[in-house]
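Each chain, written out:
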Amino acid sequence: MKLDSIGCTDPGLVRSYNQDSYYIDPAGRFFIVADGMGGHAGGEEASRIATTEICLYLEQNWQSPESASKLLKQALSTANQAIIRDQHSHPERSDMGTTVVAVVIRPSESPVCGHVGDSRLYRLRESQLQQITEDHTWIAKAIKIGDLTIEEGRVHPYRHILSNCLGREDLNQIDVQELNLENGDLLLLCSDGLTEELIDQQILGYIKDTHSLEKAANNLIEAAKNEGGHDNITVVLVSVVRC
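These lines cover the structure that appears in this document, whether it is placed above or below. Because the structure is a prediction, the values reported are computed rather than measured. (Residues numbered from 1 in each chain as written. Predicted model: local features only at pLDDT ≥ 70, side-chain atom pairs only at ≥ 80, totals over all residues. Heavy atoms only, no water.)

### Examining the side chain of H115
Selection criterion: Think of it this way: any DSSP run of H or I at least four residues long counts as a helix, any run of E at least two long counts as a strand, and we number them from the N terminus. Pairing of N or O atoms within 3.5 Å defines a polar contact, subject to two protein rules: one partner must be a possible hydrogen donor and the other a possible acceptor, and residues neighboring in sequence count only if both atoms are side-chain atoms.
Looking at the element boundaries, H115 is found in strand β5 (residues 112-116). A polar atom in the side chain of H115 sits 2.7 Å from the backbone oxygen of E134.

Encoded structure:
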């Protein structure tokens, strides 16, 4: 499977600092986006710890006989524990946490994605954009059971409240699932700074016909800023090159 990829991050137009982090493995084995919270220093540190620890765990255990799903789930759990240890060592950052979404592509196995919080993974296939992950938020649950519409959820005052994030002793949900990929597919990993500003149809319009990942990523960032840019914005695009 041949892959092309690119990542971009921007503080947006409101915040002077950036609490997002991302990582693209140079060998194309894994991709990570994390969106920190808990103030300037805390959020930056939480997302940095998450990407660093996930990357380190995957690097060190890449040849493990464990499945890719178990490997990724343990990597996310290890990152959670690392953030908690840092909270204990630095009480001024005790409220920090981070969302995360990651994709692992291992030879001879189905690709897998994992996430905690509301950073998302999308897949574009044949001009159809599908949200693969399900946000860990009260709003997402309310929409799923029909208590709210998608439109109502986008403006609801509780839309930013997470039901899950890294940096919690009571972390009880790490969602990991197999990911079907075909030649020509495009993956989008992003923080909610993108999806708070752009609806899925807008995102689709910026990525479906482009032949340049760099242009597509920059267009997404600029579009989110044009809509207000209220939060940090991070996107990672991964293209499965047609053979």
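Resuming the write-up.
### What to know about the pattern of salt bridges
Should the charged atoms of two oppositely charged side chains come close, the side chains can pair. Going by this rule: Criterion for a salt bridge: a side-chain nitrogen of Lys or Arg within 4 Å of a carboxyl oxygen of Asp or Glu. Buried means the residue's accessible area, taken with a 1.4 Å probe over protein chains only, is under 20% of the maximum for its type, while exposed means over 50%, and partly exposed covers the values in between.
The full count for this structure, using the stated rule, is 12 salt bridges. The residue R15 makes a salt bridge to D231 at a minimum N-O spacing of 3.0 Å. Placement of the pair is R15 in the loop between β1 (3-10) and β2 (20-24) and D231 in the loop between α7 (213-226) and β10 (233-240), with a sequence separation of 216 residues. By relative accessible area, R15 is classed as partly exposed at 30%. The class for D231 is buried, based on a relative accessible area of 15%. Note that D86 and R93 form a salt bridge whose closest N and O atoms lie 2.8 Å from each other. Across this residue pair, the class does not change: D86 and R93 are buried. Via salt bridges that share partners, D10, E222 and K225 belong to a single interconnected network.

### A word on the sheet that holds β10
Spelled out, the test is: The pairing criterion for strands is at least two bridges between them, as found by DSSP. Angles run from 0 to 180 degrees between N-to-C directions of axes, and those axes are lines fitted to C-alpha atoms, restricted for helices to the stretch in contact. Contacts: residue pairs with any heavy atoms within 4.5 Å of one another.
The five strands are arranged β1-β10-β9-β6-β7 in an open sheet whose pairing can be described as antiparallel. Bordering the open sheet on either side are β1 and β7 (128-131), each of which pairs with just one other strand. Looking at each pair of strands side by side, their axes are set apart by 15° on average, direction ignored. Relative to strand β9 (residues 186-190), strand β6 (residues 120-125) runs antiparallel, the two being bridged by five bridges. Residue Y122 lies in a different strand from β9, and its bridge partner there is L188. Each of β1, β9 and β10 is contacted by α7, which is oriented at about 150° to β10, the strand it contacts most.

### Notes on the packing of aromatic side chains
Aromatic ring pairs: the centre-centre distance and the angle between the two ring planes describe each pair. The cut-off we apply is this: Two rings from Phe, Tyr or Trp (for Trp, the six-membered ring) form a pair when their centres sit within 6.5 Å of each other. Planes less than 30 degrees apart are called stacked, planes more than 60 degrees apart edge-to-face, and all others tilted. Geometrically, a charge over a ring is one whose NZ (Lys) or CZ (Arg) sits within 6 Å of the ring centre while staying within 35 degrees of the ring normal.
In total, this model carries two aromatic pairs according to the counting rule given. Centre to centre, the rings of Y23 and F30 are 6.0 Å apart; their planes meet at 25°, and the pair counts as stacked. Overall, the relative accessible area of 0% leaves F30 in the buried class. Seen in terms of ring centroids, F30 and W62 are 6.0 Å apart; in terms of plane orientation they differ by 50°. Their pairing is tilted. With F30 in strand β3 (residues 30-37) and W62 in the loop between α1 (39-61) and α2 (68-89), this pair connects stretches of sequence that are 32 residues apart. Among the aromatic side chains, those forming a connected cluster through ring pairs are Y23, F30 and W62. Above the ring of W62, the side-chain terminus of R29 is found at 5.1 Å from the ring centroid. We note R106 situated over the ring of W62; from NZ or CZ to the ring centre the distance is 5.6 Å.

### Looking at the sheet that holds β3
In spatial order, the strands read β2-β3-β4-β5-β8; together these five strands make up an open sheet with antiparallel pairing. The sheet terminates laterally at β2 and β8 (175-178), the two strands that pair on one side only. On average, each strand axis in the sheet is tilted by 10° relative to the strand beside it, whichever way the strands run. Here α1 sits on the sheet in contact with β2, β3 and β4 (97-104), set at roughly 160° to β3.

### A few points about the environment of R85
In this structure, R85 sits in helix α2. C-alpha of R85 to C-alpha of V238: the two residues are 153 residues apart in sequence and 32 Å apart in space.

### Section: a nonpolar patch on the surface
Selection criterion: Nonpolar side chains (Val, Leu, Ile, Met, Phe, Trp, Tyr) within 5 Å and like charges within 9 Å form the patches, drawn only from residues with over 30% relative accessible area and no salt bridge. Accessible areas in this description were obtained via Shrake-Rupley with a 1.4 Å probe; residue shielding takes into account the shown protein chains only.
On the surface, a nonpolar cluster with roughly 340 Å² of combined accessible area is contributed by W138, Y158 and I161. Relative to the helices and strands, Y158 resides in the loop between α4 (150-155) and β8. Of the residues examined, Y158 reaches a relative accessible area of 47% and is grouped as partly exposed.

### Some remarks on the nonpolar core
Selection criterion: We call a set of buried Ala, Val, Leu, Ile, Met, Phe, Trp, Tyr and Cys residues a nonpolar core when their side-chain atoms join them within 4.5 Å.
Grouped together as the largest cluster of nonpolar side chains are 28 residues, with contacts concentrated most on F30, I32, I54, L58, V100, V104 and L166. Secondary structure elements with two or more residues in this core: β3, α1, α2, β4 and β5. The greatest single-element share of this core, amounting to eight residues, is contributed by α2. In contact with I32, other than residues within four places in its own chain, are S21, Y22, Y23, T51, I54, C55, V100, V101, A102, L189 and V236. The next biggest cluster of nonpolar side chains, apart from the first, holds 22 residues, and it includes L186, C190, A216 and I221.

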